[in-house]
Amino acid sequence: MSTILPSVADQVIESLLDTAAVQRAFSYFDARAGAITEEQTQINSIPAPPFGEAERAEYLRQRLCSLGLAEARLDDEGNCVALRRGTSEAPLLVVSAHLDTVFPADTDLTLRRVGAKLFAPGIADDACGLAALIAVAGALQSCEIETAGSILFVGTVGEEGKGNLRGVRCLLTKGEWAGRISAFVSFDGAGLDRITNGALGSRRYRVQFRSAGGHSWSDFGIANPIHAMAHAVAKLASYPAPTDPRTTFNVGRIDGGQSVNAIPREASMDVDLRSVSADELLKLDAFFRRSVREAADEENASGRNGAEALTVVTELIGERPGGETRVEDPLVRLALAATEAVGGKPALDRASTDSNLPISLGVPAVTLGAGGTSANSHTPDEWYDPRGREVALKRALLVILGTVGLRVVNRKS
Ligand SMILES: [Zn+2]
């Protein structure tokens, strides 16, 4: 016997494991492994490109309704939201997965099975998470597990790239649930061990340089947008980004100009800035914006021709706030204890997920793998292997019940 006293989280998990209703829910996951995979393939057959998630949201709404969550509905942003009431509303835990994929509407989503592996774009990210959400809701309903706090099941829109977390942002800051959410769990992708408690912050910009343009020879001296942009890129590339805390920048797209012998009228670039540290991200962001301004000013100052000045427009096209749910937070403690309790090796992790938003607002949040294994996400070769998925579903159930608490504890006889 260990001389170290078990933590509160360990005791909570132990007591849950000793509860008949929880054991029934575990059996539910074991017995329904095949059906959960069928559900996942069904979900993935419904296209859900960024800003095109409505059909998949409606599918989820109907599924949650059919499980007895009759109030499931779509909110103003397009999220599917279903409240499962406990004895009281608080603590109110969001259990979510994102509806959208990175793939355009015309992507071929035909499923291919090779051995145990399921190949299809989006099958892991995040059809796997949505299947987990439905499985957990199904287990709670079917095993009639009554909770003290309440659970808000949410299929979010706009988690990927261009969506810019619009679904979760609306849920936490604008809709009827804003200010009422105590904790947040998101299922995103496969895996058992991963507990994402760190939110990787990022800012994305589109910068456009514009001038009058002209002839390369006869109008020489008119400010050149491509020259200015190149200066800005060179300045950014000289930034001494720290490796710890990891901080990165990338000019990922450039565009502009018409002809080799014309001063361009326009040049533009898309820039991605990231850091695990909110302070470092702010520093990099300030350096970048100053670089753009200085580059424009220098190009204008070098003008040997009295034409109007070059202008620059810097547009923020994406913002994911960073931060972290502290390791000491009860939600992270529960996730660590639950992962160990089901035989996993918990690994804390930092990524850019729906949890970024609650974390930035001070709402404890973690993103959990929804079981099984996968690879090649965000590519047409994405695959998912459901073997062992039920272990992660059990872990998730323990985290959820540990957070909201059980209403009636049925001890095993
Ligand atoms: Zn995802």
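Before any of the text, the structure's been laid out above.
A few points on the structure. This structure is a prediction, so every number in the text was calculated from the model and none was measured.

Turning our eyes to something else, we now look at the overall build of the chain. Helices and strands together make up the secondary structure of the chain, namely eleven helices and 19 strands. The dimensions of the chain, computed from C-alpha atoms along their principal axes, are 95 × 50 × 40 Å. For the chain, with 413 residues in total, the buried portion stands at 50%. Taking contacts inside the chain between residues at least 6 apart in sequence as the whole, the part at least 24 apart equals 80%. Just so you have it, the chain exposes about 18000 Å², and 51% of that area is on carbon and sulfur atoms. Charge separation in the chain, taken as the distance between the mean sites of 43 positive and 52 negative side-chain charges, equals 2 Å.

Our focus in this paragraph is the packing of aromatic side chains. As enumerated under the stated definition, the model contains four aromatic pairs in all. With centroids separated by 5.2 Å and ring planes inclined at 35°, the aromatic side chains of Tyr 205 and Phe 288 adopt a geometry described as tilted. Here the residue Tyr 205 occupies a position in strand S9 (residues 201-210), and Phe 288 occupies one in helix H8 (residues 278-301), the gap between them amounting to 83 residues. Here Tyr 205 falls in the buried class, since its relative accessible area comes to 3%. Consider the rings of Tyr 239 and Phe 249, whose centres lie 6.5 Å apart with planes at 80°: the pair is edge-to-face. Taken as a pair, Tyr 239 in the loop between helix H7 (225-237) and strand S11 (247-256) and Phe 249 in strand S11 lie far apart in primary sequence, ten residues in all. A residue is classified by how much of its surface remains accessible, and Tyr 239, at 10% relative accessible area, is buried. The rings of Tyr 239, Phe 249 and Phe 287 are connected pair by pair, giving a single aromatic cluster.

Following the criterion strictly, the structure yields 25 salt bridges and no others. With a closest N to O distance of 2.7 Å, Glu 89 and Arg 180 form a salt bridge. Here Arg 180 lies in the loop between helix H6 (166-173) and strand S7 (183-187) and Glu 89 lies in the loop between strand S2 (80-84) and strand S3 (92-98), a separation of 91 residues in the sequence. A salt bridge links Glu 146 to Arg 407; its shortest N-O distance comes to 2.7 Å. Here Glu 146 is found in the loop between helix H5 (127-142) and strand S6 (150-156), whereas its partner Arg 407 is found in the segment after helix H11 (389-404), with 261 residues between them in sequence. Residue Glu 146 is classed as partly exposed on the basis of its relative accessible area, which comes to 38%.

Bound to the zinc ion on the protein side are His 98 (NE2), Asp 125 (OD), Asp 188 (OD) and Asp 188 (OD), at distances that span 2.0 to 2.7 Å. Coordination at the zinc ion is irregular: its four donor atoms span angles of 52 to 146° at the metal. If you list the donors of the zinc ion from N- to C-terminus, the spacing comes out as H-x26-D-x62-D. Of this pair, Asp 125 sits in the loop between strand S5 (117-119) and H5 while Asp 188 sits in the loop between S7 and strand S8 (194-199), placing them 63 residues apart in sequence. The two residues Asp 125 and Asp 188 agree in class, both being buried.

Moving on: the environment of Asp 279. Structurally, Asp 279 is set in helix H8. Judged by relative accessible area, which is 60%, Asp 279 ranks as exposed. Taking the C-alpha atoms as reference points, Asp 279 and Gly 322, separated by 43 residues in sequence, lie 9.6 Å from one another.

The next subject is the sheet that holds S5. Read across the open sheet, the four strands follow the order S4-S5-S19-S18; overall the sheet is antiparallel. Lying at the two open borders of the sheet, with one neighbouring strand each, are strand S4 (112-114) and strand S18 (373-375). Mean inter-strand twist for the sheet, computed between neighbouring axes without regard to direction, equals 20°.

Where helix H3 (residues 33-44) contacts H5, the axes come no closer than 9 Å and their chain directions differ by 130°. As judged from the angle between their axes, H3 and H5 are oblique. Of the two elements, H3 crosses H5, and the hand of that crossing is right-handed. In this structure, H3 contributes Ile 36, Glu 39, Gln 40, Ile 43 and Asn 44 to the contact, and H5 contributes Ala 127, Cys 128, Leu 130, Ala 131, Ile 134 and Ala 135. In terms of residue class, the contact of H3 with H5 is made up of eight nonpolar, two polar and one charged.

Another aspect to go through is helix H1 (residues 8-17). Within the sequence span of H1, burial applies to Ala 9, Ile 13 and Leu 16. For H1, the angular spread of the buried residues around the axis is 60°, confining them to a single face. Away from its buried face by more than 90 degrees, H1 exposes Val 8 and Glu 14. Packed against the buried residues of H1 are helix H2 (20-31), helix H9 (330-341) and H11.

Let us now look at H7. Between its first and last C-alpha atoms H7 spans 18 Å; for 13 residues at 1.5 Å apiece the expected length is 18 Å, and the two agree. By the burial criterion, the buried members of H7 are Pro 225, Ala 228, Met 229, Ala 232, Lys 235 and Leu 236. Take H7 and look down its axis: the buried residues cluster within an arc of 120°, on one side only. On its buried face, H7 sits against S9, S11, strand S13 (266-275) and H8. The residue sitting at the N-terminus of H7 and contributing the capping side-chain oxygen is Asn 224; that oxygen lies 2.8 Å from the backbone nitrogen of Ile 226.

Procedures and definitions
- Residues numbered from 1 in each chain as written.
- Predicted model: local features only at pLDDT ≥ 70, side-chain atom pairs only at ≥ 80, totals over all residues.
- Heavy atoms only, no water.
- Helix = DSSP H or I, 4+ residues; strand = E, 2+ residues; numbered from the N terminus.
- Buried < 20%, exposed > 50% of the residue type's maximum accessible area, 1.4 Å probe, protein only.
- Contact = heavy atoms within 4.5 Å.
- Areas by Shrake-Rupley, 256 points an atom, 1.4 Å probe, with all protein chains shown as cover.
- Lys, Arg positive; Asp, Glu negative; His and termini not counted.
- Charge placed at Lys NZ, Arg CZ, Asp CG, Glu CD.
- Phe/Tyr/Trp six-rings, centres within 6.5 Å; stacked < 30°, edge-to-face > 60°.
- Salt bridge = Lys/Arg side-chain N within 4 Å of Asp/Glu carboxyl O.
- Donors = N, O, S within 2.8 Å, 3.2 Å for Na, K, Ca; no water.
- Tetrahedral: all angles 85-135°; square planar, octahedral: opposite > 155°, others 65-115°.
- Pairing = 2+ DSSP bridges.
- Axes fitted to C-alpha atoms, helices over the stretch in contact; angles between N-to-C directions.
- Parallel < 35°, antiparallel > 145°, perpendicular 65-115°, else oblique.
- Left-handed = near helix turned anticlockwise from the far one by under 90°.
- Nonpolar A, V, L, I, M, F, W, Y, C, P; charged D, E, K, R; others polar.
- Arc of directions from axis to C-beta.
- Expected span 1.5 Å × (residues − 1).
- Polar contact = N/O pair within 3.5 Å; in protein donor to acceptor, adjacent residues only side chain to side chain.

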